[in-house]
Amino acid sequence: MMSDIQSIHDFDLELICEYFAGLDRQGPGSPEVTNRALDFIEGLNENSRIADIGCGTGGQTIVLARRAPGKIIGIDLFPIFIDLFNANAKKAGLQEKVVGRVGSMDNLPFEEGEMDLMWSEGAIYNIGFEKGLNEWRRYLRQGGYVAVSEASWFTESRPAEIEEVWRDAYPGIDTIPAKMAQLQSAGYMPVACFSLPETCWTDNFYAPQAEAQRAFLAKHPGDAGARGFIENQRHEQRLYEKYKEFYGYAFYIGKKL
Ligand code: SAH
């Protein structure tokens, strides 16, 4: 019964942050996917201003920064991620180009029309896809781009078990055409959309977690909360293996009209 499984909302935020801080990425993605999405963005130059919202520790930001001209500001709610983000930018020699700041995606520290590109991988669900697209639009100049990856249904209908899991985790999940329509209604020209390959989940997201889970459990022996959280992660991975034909992430790219 799915109701016996705890939701991620039930766990201690500090524990969750500590766990994900030990990983290079906090969500499904890959350098190839980041670069593929970037290929759709036109008109960037040395003066461009780019925001990476919900940047985590910056795995995708570093990839972005190596190819995109201009300056990038990463925003994340959690200081522990931003500290690692800034350390990672420095390690990559990109500290002049990339800066991380603590902030919330529902109250961004930007001026109207100052941004050329609003980027966000696996994070806009925290505010909701539709709401995020509508609210972030004001920070973009006309002709600026939004590029976000987001949990999406790949089929018209799904088995009840996985429907129920997502209804609890993120009721905003929807089909790709429905999300493209939301992007258009929010005032963007739909530029491109593609689904992320399975390897973004299996090889890049879940595989590195096996070692992170062992380390995390060794650090918190006998802690029922930590144990429960790891069980939950493992359960989520099993669900992905079982139902991956029905859901995954897609990248959505739009241009402000
Ligand atoms: N973009 C990264 C991280 C994705 S995980 C990657 O693809 O690897 C989602 C991120 O959103 C986390 O780092 C989390 O701390 C951040 N987040 C959650 N709520 C937020 C909010 N209200 N404002 C800004 N960031 C938030």
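Computed from a predicted model, the values in this text were never measured in an experiment.

**Comments concerning the site of the ligand**
Lining the immediate surroundings of the ligand are 18 residues, of which Arg25, Gly54, Asp76, Met105 and Glu121 lie closest. One of the backbone N or O atoms of Gly54 is found 2.9 Å from a nitrogen atom in the ligand. Protein contacts shield 92% of the accessible area of the ligand, which totals 570 Å² for the unbound molecule. When the residues that make up the shell around the ligand are grouped by side-chain class, the tally is six nonpolar, nine polar and three charged.

**A closer look at the pairing of strand S5 (residues 140–153)**
If a strand is regular, its side chains alternate between the two faces of the sheet. Burial of S5 is extensive: 12 of the 14 residues sit out of reach of the surface. Across six bridges, the pairing between strand S4 (residues 115–121) and S5 is parallel. The residue bridging Ser120 from the neighbouring strand is Val148, located in S5. Crossover S4 to S5 through helix H5 (residues 129–136) is right-handed. In the sheet, S5 pairs with strand S8 (residues 247–256) via nine bridges, with the strands oriented antiparallel. Along S8, the bridge assignment pairs Val146 with Gly254. Sheet topology note: the S5/strand S6 (residues 174–175) ladder contains two bridges and is parallel.

**Some remarks on the pattern of salt bridges**
For the structure on display, the rule yields 12 salt bridges. Here Glu114 ties to Arg49 by a salt bridge, and the two come within 2.9 Å at their closest N and O atoms. In this pair, Glu114 sits in the loop between strand S3 (98–102) and S4 while Arg49 sits in strand S1 (residues 49–53), placing the two residues 65 residues apart along the sequence. For Glu231, the salt bridge goes to Arg227, with nearest N and O atoms at 3.0 Å. Here Glu231 pairs with Arg227, and both are found in helix H9 (residues 224–243), just four residues apart, close to one helical turn. Through salt bridges with shared partners, one network takes in Glu198, Glu241 and Lys244.

Criteria and cut-off values
- Residues numbered from 1 in each chain as written.
- Predicted model: local features only at pLDDT ≥ 70, side-chain atom pairs only at ≥ 80, totals over all residues.
- Heavy atoms only, no water.
- Near = heavy atom within 4 Å.
- Polar contact = N/O pair within 3.5 Å; in protein donor to acceptor, adjacent residues only side chain to side chain.
- Areas by Shrake-Rupley, 256 points an atom, 1.4 Å probe, with all protein chains shown as cover.
- Nonpolar A, V, L, I, M, F, W, Y, C, P; charged D, E, K, R; others polar.
- Buried < 20%, exposed > 50% of the residue type's maximum accessible area, 1.4 Å probe, protein only.
- Helix = DSSP H or I, 4+ residues; strand = E, 2+ residues; numbered from the N terminus.
- Pairing = 2+ DSSP bridges.
- Right-handed = clockwise from strand over helix to strand, strands pointing away.
- Salt bridge = Lys/Arg side-chain N within 4 Å of Asp/Glu carboxyl O.

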